[in-house]
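# Per-entry structural report
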Amino acid sequence: PSVEDASYRNVTWDELVEAYVGQIGGLVDGGVDMLMIETIFDTQNAKAAIFAVDEYFEKTKKERLPVMISATIVDNSGRTLSGQTIEAFFVSIKHAKAFTVGINCALGAAQMKRFYKMLVDMNPGWCHVYPNAGLPNAMGGYDENPEMFSTSVVDYAKDGMLNFVGGCCGTFPSHIAALAKKCSAYKPRPLPELEKYPCMQLSGLEPAIIKPEIGFQWVGERCNLMGSPKFKKLVDAYKFDEAMEVCQQQCEKSADILDFNFDSDLIDGQSAMGKFMRLCVTEPNVARLPFMIDSSKWNVIEEGLKCVQGKCIVNSISLKVGEEEFLRQAKLCMRYGAAVVIMAFDEQGQAATFEDKVRICQRSYRTLREQLDFPPEDIIFDANVLTIATGMPEHNGYAVDFINAVAEIKRTCPCVSFSGGLSNLSFSFRGLNSVRDAMHSVFLYHAVPKGLNMSIVNPGGLPRYEDIDANTRRLCEEVILNNSADGKHVERFLEFAEAVKNPPKNVPGPAGAADAPAAKDAWRLGNYTERLHHGLINGIDKFIEGDVEEARQDLKVPLHVIEGPLMQGMGIIG
């Protein structure tokens, strides 16, 4: 990057790939048995080299040689020079299916062991390490003699952490001889048993392991030209530095993943995507999160993938373009090391019904698994959240069809994830943000237990399900689940929305209203269970001692207070 322009790079991805392809050709022509991508301090460069390996062997039709991949960390933070932790590095290059992955150079063996252990714990394949002979001295030399060096490294072997081992800077044949002698007494590291149902792994500067127990993932929508008028206005005016502030605000609001979309008629989406991605990766608070590269144009998606070192999500591809092009795009996602959102579209159009959603997603899954061996944990289905309560009867079941389709696809397509665009659900009520937010919160309450585990939203903008007033919640649930005793739930909801849009004029409050507590403290009027729940959920500890003491006096046994109202409150948080 340039000091004047953080988005500037003196070499492009395509130039790097071309150079690496030439180097690979020379090595192969020279008769090498294996290729090594080593001393990696910038994972994006390593990904370009991995891409070039695939490019060379696909074009030449030669048998692919094994590839060793080796990172280097710069200090006791355990990060590469470009800021990634060793776990995030591994997630970013896992798609290479390397012969062995490890760490070289960097620190001495003693200082490097805990970071190597992190890699060993994540890697289902072979691992290697070849450290320096200690840290460099003031003259740039290395002070560990063969005995000191081999004593430090043999600890790895004692702990069963080695498959391959060697030496880097400051080591000589004598160091390797001493190392071989000491390590020969120990067995190599056994390969771990593979998970039956692997989970999605993403990365920015840090890893994001999407295990079921970590809960719902909030995908920030504010860097999407369709998700934020403010962001669109700034990008259309080429005010990228100010647009970056919008991105940082999402991080502060605890987004788990960041969505980026630059589809606009006023700008070159490909150029804008590349420039903004290059800005984002230089901002640590932004770059620590995984990115979702979002566009309806494949060239824009590729531009984003070429600018990011972490493992991204591509949003999206589908069978709409035909099976051949669908597979081509999916294969490229694999080569870039990206997970992918699959939309429920096929050659006939968008899936609207439960049956079509399930059929198209199951077909997409089979096609990817059978023809590409695409990792199932890297598949995210978007079964199309469509607009409800439009006044057209055929739209009434869209929400519940989505929820039920997610459950069925999850049952029949192991390891996949699910996403959905919440804003589509309530599109009929644009301008009524309180109504839309309540609909979205209630929808998630019912969809998440069925399998929906991520969605593009404004993080921090939705009310908690429990905080929605009972009447609004009931009306939302009727229209989302398309079910009510009298079947008139859509009409009721439309009347409710109209009342919110055009509320009746204010009427005087009841006598004594002036003496009531302020609205923000109205929760203090509840019983001790309700007060404890509210305090836990909202992080208010001002009244906790008094409320707990009141509960203890009523329940008699302190353990009952913990197992009762306190654990119930934690359950709501969970």
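Because the structure is a prediction, the values reported are computed rather than measured. (Residues numbered from 1 in each chain as written. Predicted model: local features only at pLDDT ≥ 70, side-chain atom pairs only at ≥ 80, totals over all residues. Heavy atoms only, no water.)

### Focus on the overall build of the protein chain
Looking only at helices and strands, the protein chain features 21 helices and 17 strands. Reported as C-alpha extents along the three principal axes, the dimensions of the protein chain are approximately 95 × 65 × 50 Å. Buried residues in the protein chain amount to 49% of all 574 residues. Looking at the protein chain alone, contacts between residues at least 24 apart form 73% of all its contacts between residues at least 6 apart. Carbon together with sulfur atoms contributes 53% to the accessible area of the protein chain, which is approximately 27,600 Å² in total. Positive and negative charge centroids in the protein chain, built from 58 and 75 side chains respectively, lie 1 Å apart. (Helix = DSSP H or I, 4+ residues; strand = E, 2+ residues; numbered from the N terminus. Buried < 20%, exposed > 50% of the residue type's maximum accessible area, 1.4 Å probe, protein only. Contact = heavy atoms within 4.5 Å. Areas by Shrake-Rupley, 256 points an atom, 1.4 Å probe, with all protein chains shown as cover. Lys, Arg positive; Asp, Glu negative; His and termini not counted. Charge placed at Lys NZ, Arg CZ, Asp CG, Glu CD.)

### Let's talk about the environment of F90
Within the secondary structure, F90 sits in helix α3 (residues 86–93). In this structure the C-alpha to C-alpha distance between F90 and E15, which are 75 residues apart in sequence, comes to 24 Å. The contact partners of F90, leaving out residues within four places of it in the chain, are V101, L119, M122, N123 and P124.

### Details of a nonpolar patch on the surface
On the surface, V557, L559, I562, M567 and M570 cluster together to form a nonpolar patch covering roughly 440 Å² of accessible area. Here I562 lies in helix α21 (residues 558–573). Its relative accessible area of 44% is what places I562 among the partly exposed residues. (Patch = residues over 30% accessible without salt bridge, like charges linked within 9 Å, V, L, I, M, F, W, Y side chains within 5 Å. Salt bridge = Lys/Arg side-chain N within 4 Å of Asp/Glu carboxyl O.)

### As for the pattern of salt bridges
The final tally for this structure, using the stated rule, is 29 salt bridges. The shortest N-O distance in the salt bridge between E55 and R335 comes to 2.8 Å. With E55 in helix α2 (residues 43–60) and R335 in helix α12 (residues 323–336), this residue pair connects regions lying 280 residues apart in the sequence. R335 carries the same exposure label as E55, and that label is buried. For the salt bridge of K182 with E147, the shortest nitrogen-to-oxygen distance reads 2.8 Å. Here the residue K182 occupies a position in helix α6 (residues 173–183), and E147 occupies one in helix α5 (residues 146–158), the gap between them amounting to 35 residues. Taking relative accessible area as the criterion, K182 reaches 25% and is therefore assigned partly exposed.

### Observations regarding the packing of helix α7 (residues 229–236) against helix α8 (residues 240–252)
Where α7 meets α8, the closest approach of the two axes is 8 Å, and the angle between their N-to-C directions is 155 degrees. One way to sum up the angle between α7 and α8 is to call them roughly antiparallel. Crossing of α7 against α8: the hand is left-handed. Residues K230, F231, L234 and V235 of α7 lie in contact with α8, whose contacting residues are F240, E242, A243, V246 and Q249. (Axes fitted to C-alpha atoms, helices over the stretch in contact; angles between N-to-C directions. Parallel < 35°, antiparallel > 145°, perpendicular 65-115°, else oblique. Left-handed = near helix turned anticlockwise from the far one by under 90°.)

### Thoughts on the sheet that holds strand β12 (residues 339–343)
Read across the open sheet, the eight strands follow the order β16-β15-β12-β11-β10-β9-β8-β17; overall the sheet is parallel. Edge positions in the sheet fall to β16 (417–419) and β17 (454–457), since each of these pairs with one other strand and no more. Within this sheet the neighbouring strands show an average axis-to-axis angle of 30 degrees, counted without direction. Direction of pairing for strand β10 (residues 291–294) relative to strand β11 (residues 313–317): parallel, over a ladder of three bridges. What sits directly across from M292, in β11, is I313. Along the sheet face, α8 touches β8 (217–224) and β9 (257–261) and points at about 165 degrees away from the line of β8. (Pairing = 2+ DSSP bridges.)

### As for the confidence of the model for the protein chain
A residue-level look at the protein chain finds 97% of positions with pLDDT of 70 or above and a mean pLDDT of 92. Residue range residues 507–519 is modelled with pLDDT below 50. Its contacts to residues more than four positions away, or to other chains, number one contact. (pLDDT = per-residue confidence, 0-100.)

### Observations regarding the environment of H489
Examined against the element boundaries, H489 turns out to sit in helix α18 (residues 489–501). With near-sequence residues (within four places) excluded, H489 lies in contact with E478, V479, N482, N483 and S484.

### Some remarks on unusual backbone geometry
A cis amide bond links N315 with the next residue in sequence, S316, at an omega value of 15 degrees. Its place among the elements puts S316 in strand β11. The phi dihedral of K61 is positive, around 65 degrees, even though this residue is not glycine. Residue position: K61 is located in the loop between α2 and β2 (67–71). Positive phi, normally seen in glycine, also occurs at C105, with a value near 60 degrees. With respect to the element layout, C105 can be found in strand β3 (residues 100–108).

### Things to note about α12
Taking 1.5 Å of rise per residue, 14 residues should cover 20 Å, and α12 covers 20 Å from first to last C-alpha, within 8% of that figure. Those residues of α12 not exposed but buried are F326, L327, Q329, A330, L332, C333, R335 and Y336. On its buried face, α12 sits against α1 (13–29), α2, α11 (298–305), β11, β12 and α13 (354–372). Immediately downstream of α12, the backbone of G337 shows phi near 75 degrees, a positive value. (Expected span 1.5 Å × (residues − 1).)

### Quick word on α18
Spanning 13 residues, α18 covers 18 Å between terminal C-alpha atoms, matching the ideal 18 Å at 1.5 Å per step. Taken residue by residue, α18 has H489, V490, F493, F496 and A497 as its buried positions. Here the buried residues of α18 occupy an arc of 120 degrees about the axis, which is enough to place them on one side. (Arc of directions from axis to C-beta.)

### Some words on empty space enclosed by the protein
Under the counting rule described, the total for this entry stands at one cavity of 30 Å³ or more. Roughly 70 Å³ of volume is contained in the largest cavity. Lining the largest cavity we find S203, G204, L205, V281, A287, L289, P290, F291, V308, Q309 and G310. (1 Å grid on protein atoms, 1.4 Å probe; cavity = no way out; pocket = protein on both sides within 12 Å on 5 of 7 lines; lining within 4 Å. Points joined across faces, edges and corners; volume = space filled by probe spheres on them.)

### Some points on the nonpolar core
Counting 145 residues, the largest nonpolar core has F260, F276 and F443 as its most contacted members. Looking at this core, the element that brings in the most residues is α2, giving nine residues. In this structure, F260 is in contact with C223, C247, M273, F276, M277, C280, F291, M292, I293 and D294, ignoring residues within four places of it in sequence. The next biggest cluster of nonpolar side chains, apart from the first, holds 15 residues, and it includes A208, V219, A339 and I456. (Core = buried A, V, L, I, M, F, W, Y, C linked by side-chain atoms within 4.5 Å.)

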